[in-house]
Amino acid sequence: MIEGKRHIAIMQPYFFPYIGYWQLINAADMFVVGDSVHYIKHGWINRNRILGERGQPQNFGIEISHASCNRLISETKRVVSQKRAEYLCRVLKFYYSKAPHYSEAMEVIKPILLDEEPDLTHYLVKQLKTVAEYLGIKTEFRLLSEVSGHWECHSPEIIRRTCEYFGFTDYINPSGAGMSYYDKNAFRKMGINLSFLRRNEDIRYKQFSDEFTPDLSIIDLLMFCSRNELHDILNSYHFL
């Protein structure tokens, strides 16, 4: 965090998101879960990637009931299936049982996978809070639907109204595509100080082989990294 400032960030809820998502949560004082925007098919809301055979990424996720881009995330339900949940647990055991932190990671992951909450937003928020607690993240979580139940405006207006509603003037956005899409001067005219979060360096940690597979789900880091290593990785970022 930038000393002396209080930051807010907004993102759609993702299923066991990659480390950059957690760095963003960790850097913010308040993280607003974007539930009142449209669901994105084939994105990261209901799936992510784990380390599969021969070090290749493998999709890993939950099923959605009647997935549609015409429906808000807050209106979307998941398919609750104990059979599917137990299958996902077996998949993790197959690929990660020999990982150094498999047992303690599964104490966090397994209850999430077995959770029978049908509401997608509630399920994903519980997942985010559970993993955040394990990671030692103290950030407050809120919902975008508290500001408005249905958003049709463009992202800068969503950010402006959300900052105003929760009383923040400092907003954090991931670097990358956002740096070409958002203009700091335009935000400054709205009374918002915009910062971009960027990793200090490419994140690497010991997996099963010397070949490193990047940008996997947080599940992969929970399996291979100690609490101290996770703490260091979470804080390996800077602001632009």
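Above: the structure in question.
Residues numbered from 1 in each chain as written. Predicted model: local features only at pLDDT ≥ 70, side-chain atom pairs only at ≥ 80, totals over all residues. Heavy atoms only, no water.

A. Broad picture of the nonpolar core. By size, the foremost hydrophobic cluster in this structure holds 82 residues, and its most contacted members are Trp-22, Leu-92, Tyr-96, Ile-109, Leu-113 and Met-223. Looking at this core element by element, the count peaks at nine residues for helix α4 (residues 120-135). In this structure, Leu-113 is in contact with Phe-15, Phe-16, Phe-60, Arg-78, Ala-85, Leu-88, Cys-89, Leu-92 and Tyr-123, ignoring residues within four places of it in sequence. (Core = buried A, V, L, I, M, F, W, Y, C linked by side-chain atoms within 4.5 Å. Buried < 20%, exposed > 50% of the residue type's maximum accessible area, 1.4 Å probe, protein only. Helix = DSSP H or I, 4+ residues; strand = E, 2+ residues; numbered from the N terminus. Contact = heavy atoms within 4.5 Å.)

B. Representation of the pairing of strand β2 (residues 30-33). Burial along β2 is two-sided: the residues Met-30 and Val-32 and Phe-31 and Val-33 are all buried. In this view, the connection linking strand β1 (residues 7-11) to its parallel neighbour β2 by way of helix α1 (residues 19-27) has right-handed handedness. (Right-handed = clockwise from strand over helix to strand, strands pointing away.)

C. Broad picture of the packing of aromatic side chains. In the structure shown here, the tally under the stated rule is 15 aromatic pairs. Between the aromatic rings of Phe-15 and Phe-16, the centroid separation amounts to 4.9 Å while the plane-to-plane angle is 85°, which identifies the pairing as edge-to-face. Overall, the relative accessible area of 0% leaves Phe-16 in the buried class. Measuring from ring centre to ring centre gives 5.4 Å for Tyr-182 and Phe-187, while their planes differ by 70°; the resulting arrangement is edge-to-face. (Phe/Tyr/Trp six-rings, centres within 6.5 Å; stacked < 30°, edge-to-face > 60°.)

D. How the structure looks around the sheet that holds β1. In spatial order, the strands read β7-β2-β1-β8-β9-β10; together these six strands make up an open sheet with mixed pairing. Unpaired on one side and paired on the other, β7 (140-143) and β10 (237-239) mark the two borders of the sheet. On average, adjacent strands in this sheet sit at an angle of 30° to one another, irrespective of strand direction. Bridge count for β1 against strand β8 (residues 170-174) is two bridges, and the pairing is parallel. Bridge pairing in β8 places Ile-8 opposite Tyr-171. Against the sheet, α4 touches β2 and β7, its axis set at about 170° to β7. (Pairing = 2+ DSSP bridges. Axes fitted to C-alpha atoms, helices over the stretch in contact; angles between N-to-C directions.)

E. Inspection of the environment of Val-80 at higher detail. Mapped onto the elements of the fold, Val-80 is located in the loop between β6 (77-78) and α2 (82-96). Using a relative accessible area of 36% as the deciding quantity, one classes Val-80 as partly exposed.

F. Summary view of α1. Within α1, nine of the nine residues are buried, which leaves it mostly tucked inside the rest of the structure. Among all positions of α1, only Ile-19, Gly-20, Tyr-21, Trp-22, Gln-23, Leu-24, Ile-25, Asn-26 and Ala-27 are buried.

G. Region of the structure containing unusual backbone geometry. With a phi angle near 50°, His-66 is a residue other than glycine that sits in the positive phi range. Tracing the backbone shows His-66 in the loop between β5 (64-65) and β6. On the accessibility criterion, His-66 (65% relative accessible area) is exposed. Positive phi, normally seen in glycine, also occurs at Asp-215, with a value near 60°. With respect to the helices, strands and loops of the structure, Asp-215 is situated in the loop between β9 (193-199) and α8 (218-224).

H. View of the pairing of β1. With respect to burial, β1 is a largely interior element, four of its five residues being buried. In this structure, β1 lies alongside β2, joined through four bridges in parallel fashion. Residue pairing for β2: Ile-10 is matched across the bridge by Val-32.

I. Expanded view of the packing of α2 against helix α3 (residues 102-114). Running from amino to carboxyl end, α2 crosses α3 at an angle of 160°, the nearest separation of the two axes being 10 Å. Relative to α3, the element α2 lies roughly antiparallel. Crossing angle aside, the handedness with which α2 passes α3 is right-handed. On α3, the residues touching Gln-82, Ala-85, Glu-86, Leu-88, Cys-89, Leu-92, Lys-93 and Tyr-96 of α2 are Tyr-102, Met-106, Ile-109, Lys-110, Leu-113 and Leu-114. Considering only residue class, the contact of α2 with α3 consists of ten nonpolar, one polar and three charged. (Parallel < 35°, antiparallel > 145°, perpendicular 65-115°, else oblique. Left-handed = near helix turned anticlockwise from the far one by under 90°. Nonpolar A, V, L, I, M, F, W, Y, C, P; charged D, E, K, R; others polar.)

J. View of helix α9 (residues 227-234). Those residues of α9 not exposed but buried are Leu-230, Ile-233 and Leu-234. On an axial view of α9, the arc spanned by its buried residues comes to 100°, and they lie on one face. Opposite the packed face of α9, turned more than 90 degrees from it, sit the exposed residues Asn-228 and Asp-232. Looking at the packing, one finds that the buried side of α9 touches α1, α4, α8 and β10. (Arc of directions from axis to C-beta.)

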